[in-house]
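Below are the chains, spelled out letter by letter.
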Amino acid sequence: MKYSDLIIAILAALALSACTGPAGPQGPVGSTGNTGNTGYTGATGGQGATGDTGATGYTGPAGGQGATGDTGATGYTGATGDTGATGSTGAKGNTGAKGSTTGGTTVIIPPR
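Residues numbered from 1 in each chain as written. Predicted model: local features only at pLDDT ≥ 70, side-chain atom pairs only at ≥ 80, totals over all residues. Heavy atoms only, no water.

## Brief notes about the overall build of the protein chain
Working step 1: Secondary structure assignment for the protein chain yields 1 helix and 0 strands.
Working step 2: A buried classification covers 0% of the 112 residues belonging to the protein chain.
Working step 3: Accessible surface for the protein chain amounts to roughly 12,200 Å². Of this, 55% is attributable to carbon and sulfur atoms. (Helix = DSSP H or I, 4+ residues; strand = E, 2+ residues; numbered from the N terminus. Buried < 20%, exposed > 50% of the residue type's maximum accessible area, 1.4 Å probe, protein only. Areas by Shrake-Rupley, 256 points an atom, 1.4 Å probe, with all protein chains shown as cover.)

## Points about a nonpolar patch on the surface
Working step 1: Where nonpolar side chains cluster on the molecular surface, the patch consists of Tyr-3, Leu-6, Ile-7, Ile-10, Leu-11 and Leu-14 and spans about 660 Å² of accessible area.
Working step 2: Mapped onto the elements, Ile-7 comes out in helix α1 (residues 2–17). (Patch = residues over 30% accessible without salt bridge, like charges linked within 9 Å, V, L, I, M, F, W, Y side chains within 5 Å. Salt bridge = Lys/Arg side-chain N within 4 Å of Asp/Glu carboxyl O.)

Here it is in structure tokens:
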């Protein structure tokens, strides 16, 4: 028990000394210095190597082409149909009237 009081006192002293409050009046704040120049950008890295192309797939065994089939037989020609009957001859027309034997009329068209 005699050590526990000593440990509590030491812990209390440490806890109180860790406070971050102001200890008293502070002096004026100094000016901030200039920011330095930005450094140069590094060189661009090289392009990586191209990957390998995959292997070609298996195409299977080569089969032969089949033979051409036979041409079919020609079909039969159909029978010729019957010829139709000849039509009747039409009636003979009347003979025209006989023309006039006397002199005809002459029409003269005067020029313009």
